[in-house]
Amino acid sequence: MKEKGKKLTFRGGVLFSLVPVVIYVFFCVILFIGFKAFNMEALAVGGFLALLIGGLSGGFVWMANSMGIHGGLFVAFTFLATCIVSTATGSFIGTMFIAFPIFTPQV
């Protein structure tokens, strides 16, 4: 069912939703102009980093809220989501920097 009167809002405003695009363009400029590297794998890494910085973990929180996951089940969901993020980044440090600010409850 579609709810009337609800608008799509972004945390930080509409311009904040462009952060992944800006990061990707910056990464491309650095690779092409700065390092003169024309490598598709490096561009894919830049796109992946832009998606991670732009709120991949925030998407997990949205998904849990939309599915009605609360309480102890949210803890299990958080564990699985951080496992996915950890596998994607390949780094425990990257996972901590991505997941802690998103999944830690704001009191």
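Scroll up to find the structure this text is about.
Residues numbered from 1 in each chain as written. Predicted model: local features only at pLDDT ≥ 70, side-chain atom pairs only at ≥ 80, totals over all residues. Heavy atoms only, no water.

## Remarks on a nonpolar patch on the surface
Phase 1 of the analysis: On the surface, Leu-18, Val-21, Val-22, Val-25, Val-29, Phe-32, Ile-33 and Phe-38 cluster together to form a nonpolar patch covering roughly 780 Å² of accessible area.
Phase 2 of the analysis: Along the chain, Ile-33 turns up in helix H1 (residues 19-34). (Patch = residues over 30% accessible without salt bridge, like charges linked within 9 Å, V, L, I, M, F, W, Y side chains within 5 Å. Areas by Shrake-Rupley, 256 points an atom, 1.4 Å probe, with all protein chains shown as cover. Salt bridge = Lys/Arg side-chain N within 4 Å of Asp/Glu carboxyl O. Helix = DSSP H or I, 4+ residues; strand = E, 2+ residues; numbered from the N terminus.)

## Re helix H3 (residues 72-89)
Two residues of an α-helix separated by three or four positions point the same way, owing to the 3.6 residues in each turn.
Phase 1 of the analysis: Taking 1.5 Å as the rise per residue, H3 with 18 residues should run 26 Å; its terminal C-alpha atoms sit 26 Å apart, in good agreement.
Phase 2 of the analysis: Two residues or fewer after H3 comes Gly-90, characterised by a positive phi angle close to 75°. (Expected span 1.5 Å × (residues − 1).)

## Regarding the environment of Leu-51
Phase 1 of the analysis: Mapped onto the elements of the fold, Leu-51 is located in helix H2 (residues 40-66).
Phase 2 of the analysis: Overall, Leu-51 belongs to the exposed group, its relative accessible area being 57%.
Phase 3 of the analysis: In this structure, the C-alpha to C-alpha distance between Leu-51 and Tyr-24, residues 27 residues apart in sequence, is 8.8 Å. (Buried < 20%, exposed > 50% of the residue type's maximum accessible area, 1.4 Å probe, protein only.)

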